[in-house]
Amino acid sequence: MHKTAGKGARQSSTAASTPRRAPKSVPRTAKPSLPRAVSRSTPRSAQTSAPRVGLVSLGCPKALVDSERIITRLRAEGYELSPNYAGADVVIVNTCGFLNSAKAESLEAIGEAMAENGRVVVTGCLGAEKERILDAHPGVLAVTGPHQYEAVVAAVHTAAPPLHDPFLDLVPPEGLHLTPRHYAYLKISEGCNNRCSFCIIPQLRGRLASRPAAHVLAEAERLTKAGVKELLVISQDTSAYGLDIGYAESTWKGKPLKARFLDLCQSLASLGAWVRLHYVYPYPHVDGVLPLMAERKILPYLDIPFQHASPRVLKAMRRPAHQERTLERLQRWRELCPDLAIRSTFIVGFPGETEADFELLLDWLAEAKLMRVGCFKYEPVDGAAANALPAPVPEDVKEDRWHRFMAAQQEVSRALLAAKIGRTIDVIVDEVREDGAVGRSPWDAPQIDGSVFLARDRGLKPGDIVKAQVTHADAYDLWANVGEYRQSAPEA
């Protein structure tokens, strides 16, 4: 069994106040109806069949990649994946620890796994708080921190030993993934060197640790050869890629390749897949990627976590406070690539935020014209420096500002999407239904952004990339009629 983050709710999608797009700290699927566990005194690993592992994966795409690496290793060793708690010899819960509400949900998920199965290994960001987990659930078998794959696998070995030597042919070259077949997350680094006052990611995942460029490209090529049509590049700070290793060269296809943001983007563009960039900071060197977007070599989409616009608030957040310069940079980017879509997230109600600060944010938002925006009400996080800041904002004021923010952005998004009506755009198909299909445009990332609803067409299947003419738009989504095909998904 596996349950993955983000399948049931869009985290901070296009601005709206409707429940279907309300942001959640740790999006999870609705709990399935799972049968009760078999007797804990007779685990299935006592039988002669291959041991089975259940998985609950919470949190962000980076945690999802961790889960994929864990199950890839276990599957290579002959383990099977259980579709429910009852069939699992051991359950892995990959936790999130970014916010206090996320920690609470992770503890709840651990409790559910303990109640339904009883043989639980805990990993992920909350694993850094081992005593907290053991206080709440003393019966868990093991607790490990984030991206400690070997420790997780060792704990699984102890709980449910493999019956035989690894059979590597059980695992495809691209590994196992929890995403649909046609898209995959590509993690280029771990950790972060930023010290934002509201964030504890560096404490949980350490300092920036970039992967060699050749390793990233080798993984990306394996994915595209396996039929992946869209690569979603992720990290904590994508534009800082390679800084920690001095932009070291590695050899890719017999040629040196530096671990630099632009060099990596150029190489990924050569693979023929959609390339989508997440968690990018607006550093000057990011300018170099805009021509690639204008030439449609990578998607005209940048996910940039601005968080606020008030210089006072940004300073308290320990973020760059150059909102005017940022607007100028956005304007230059749009001159280079008129189709560019910017997605971002913001925090309202940060300690010390005044009404004037908030009004400045709304004014900045109207001028920035970001296509996809999410907003979170500030929430204290244990261990974050922001907890010591004075002048906390009352909860009712946070709520009011959140609704005002979302309403303001809704109007911006509505106007930007209305401008797409009549255009013929590329759409990647995510789901086929009886009444049509649901896909995404180049301006929409899975789970967090909008959708394109396609009129019924019997020939479509997930992973197809088609041409479609936009006929209608609202503040979140587009509706379109399918024209010619450009690419088709591989046969299953």
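Residues numbered from 1 in each chain as written. Predicted model: local features only at pLDDT ≥ 70, side-chain atom pairs only at ≥ 80, totals over all residues. Heavy atoms only, no water.

Draft legend 1. Region of the structure containing the nonpolar core. Membership of the largest hydrophobic core comes to 55 residues, with the highest contact counts inside it found for Leu277, Val289, Leu302, Leu370 and Phe405. Residues Leu55, Leu64, Val65 and Leu178 belong to the second largest nonpolar core, which totals 30 residues. (Core = buried A, V, L, I, M, F, W, Y, C linked by side-chain atoms within 4.5 Å. Buried < 20%, exposed > 50% of the residue type's maximum accessible area, 1.4 Å probe, protein only.)

Draft legend 2. Inspection of helix H6 (residues 213-225) at higher detail. Compared with an ideal rise of 1.5 Å per residue, which puts 13 residues at 18 Å, H6 spans 18 Å between its outermost C-alpha atoms and is within 8% of the ideal. Looking at H6, one finds that the buried residues are Ala213, Ala214, Val216, Leu217, Glu219, Ala220, Glu221, Leu223 and Thr224. In the core, the buried residues of H6 are packed alongside helix H1 (61-76), strand S7 (183-187), strand S10 (230-234), strand S11 (249-252), strand S12 (255-258) and helix H7 (261-269). Of the residues flanking the end of H6, it is Gly227, one or two places downstream, whose phi is positive at about 105°. (Helix = DSSP H or I, 4+ residues; strand = E, 2+ residues; numbered from the N terminus. Expected span 1.5 Å × (residues − 1). Contact = heavy atoms within 4.5 Å.)

Draft legend 3. The packing of aromatic side chains, seen in detail. On inspection of all chains with the given rule, the structure shows 9 aromatic pairs. Summarising the aromatic geometry, the rings of Tyr183 and Tyr185 are spaced 6.4 Å apart at their centres and angled 85° between planes, so their arrangement reads as edge-to-face. Between Tyr281 and Tyr283 the ring centres are 5.8 Å apart and the planes differ by 15°, which places this aromatic pair in the stacked class. With a relative accessible area of 9%, Tyr281 lands in the buried category. (Phe/Tyr/Trp six-rings, centres within 6.5 Å; stacked < 30°, edge-to-face > 60°.)

Draft legend 4. Inspection of the state of the cysteines at higher detail. Evaluation of the coordinates by the stated rule reveals 0 disulfides. Unpaired in this structure, Cys96 has its nearest cysteine sulfur neighbour in Cys125, at a distance of 6.1 Å. Between Cys192, a free cysteine, and Cys196, which holds the nearest cysteine sulfur, the sulfur-to-sulfur gap is 6.5 Å. Judged by its relative accessible area of 7%, Cys192 is buried. (Disulfide = S-S within 2.5 Å.)

Draft legend 5. Region of the structure containing the side chain of Ser57. Summarising the element assignment, Ser57 is placed in strand S2 (residues 52-57). Owing to a relative accessible area of 1%, Ser57 belongs among the buried residues under this scheme. In terms of polar contacts, Ser57 uses its side chain to reach the side chain of Ser67, at 2.7 Å. (Polar contact = N/O pair within 3.5 Å; in protein donor to acceptor, adjacent residues only side chain to side chain.)

Draft legend 6. Focus on unusual backbone geometry. Positive phi outside glycine occurs at Lys253, with the angle close to 55°. Positionally, Lys253 belongs in the loop between S11 and S12. Relative accessible area serves as the criterion here: at 57%, Lys253 is assigned to the exposed category.

Draft legend 7. View of the pairing of strand S17 (residues 424-433). Where S17 lies against strand S20 (residues 465-473), 5 bridges are found, and the strand directions are antiparallel. In the strand pairing of S20, Val427 is matched with Val466. Bridging between S17 and strand S18 (residues 436-440) involves 5 bridges; their strand directions are antiparallel. Note that in S18 the partner of Val429 across the bridge is Gly439. Between S17 and S18, which pair antiparallel and follow one another directly, the connecting turn spans 2 residues. (Pairing = 2+ DSSP bridges.)

Draft legend 8. Region of interest: the side chain of His137. Topologically, His137 is positioned in the loop between helix H3 (130-136) and strand S6 (142-143). Aside from chain neighbours lying at most four places away, what touches His137 is Leu107, Ile110 and Gly111.

Draft legend 9. The arrangement of a negative patch on the surface in detail. There is a patch of like negative charges on the surface, built from Glu324, Glu328, Asp363 and Glu367. When residues of the negative patch are traced back to their parent elements, those giving at least two are helix H10 (323-336) and helix H11 (355-368). Within the secondary structure layout, Glu324 lies in helix H10. (Patch = residues over 30% accessible without salt bridge, like charges linked within 9 Å, V, L, I, M, F, W, Y side chains within 5 Å. Areas by Shrake-Rupley, 256 points an atom, 1.4 Å probe, with all protein chains shown as cover. Salt bridge = Lys/Arg side-chain N within 4 Å of Asp/Glu carboxyl O. Lys, Arg positive; Asp, Glu negative; His and termini not counted. Charge placed at Lys NZ, Arg CZ, Asp CG, Glu CD.)

Draft legend 10. Representation of the environment of Gln409. Here Gln409 lies in helix H12 (residues 395-418). Taking the relative accessible area as the measure of exposure, Gln409 reaches 0% and is therefore buried. C-alpha separation for the pair Gln409 and Lys369, spaced 40 residues apart in sequence, amounts to 8.4 Å. Of the polar contacts made by the side chain of Gln409, one reaches the backbone oxygen of Leu370; its length is 2.7 Å.

Draft legend 11. Layout of the packing of H6 against H7. The geometry of H6 relative to H7 is characterised by a closest axis approach of 10 Å and an angle of 25° between their N-to-C directions. Overall, the two elements H6 and H7 adopt an arrangement that is roughly parallel. The two elements H6 and H7 cross, and the hand of that crossing is right-handed. Residues Val216, Leu217 and Ala220 of H6 lie in contact with H7, whose contacting residues are Leu264, Ser267 and Leu268. The residue makeup of the contact of H6 with H7, split by class, is 5 nonpolar, 1 polar and no charged. (Axes fitted to C-alpha atoms, helices over the stretch in contact; angles between N-to-C directions. Parallel < 35°, antiparallel > 145°, perpendicular 65-115°, else oblique. Left-handed = near helix turned anticlockwise from the far one by under 90°. Nonpolar A, V, L, I, M, F, W, Y, C, P; charged D, E, K, R; others polar.)

Draft legend 12. Structural context of the pattern of salt bridges. Applying the stated criterion across every chain, the model contains 34 salt bridges. In this structure, the salt-bridge partner of Arg343 is Asp449, at a minimum N-O distance of 2.6 Å. Within this pair, whereas Arg343 is found in strand S15 (residues 341-348), its partner Asp449 is found in the loop between S18 and strand S19 (452-455), the two being separated by 106 residues in sequence. For the pair shown, Arg343 and Asp449 are each scored as buried. Among the salt bridges present, the one from Arg401 reaches Glu353, with a minimum N-O distance of 2.8 Å. Taken as a pair, Arg401 in helix H12 and Glu353 in the loop between S15 and H11 lie far apart in primary sequence, 48 residues in all. The two residues Arg401 and Glu353 agree in class, both being buried. Members of the salt-bridge network, linked through shared partners, are Glu353, Glu355, Glu359, Asp400, Arg401 and Arg404.

Draft legend 13. Layout of the packing of H11 against H12. Between H11 and H12, whose axes approach to 10 Å, the crossing angle comes to 15°. As summarised for this structure, H11 and H12 are arranged roughly parallel, according to the angle between their axes. At the point where H11 passes H12, the crossing takes the right-handed sense. Of the residues in H12, those in contact with Glu355, Phe358, Glu359, Leu361, Leu362, Leu365 and Ala366 of H11 are Arg401, Arg404, Phe405, Ala408, Gln409 and Val412. Residues belonging to the contact of H11 with H12 are distributed by class as follows: 8 nonpolar, 1 polar and 4 charged.

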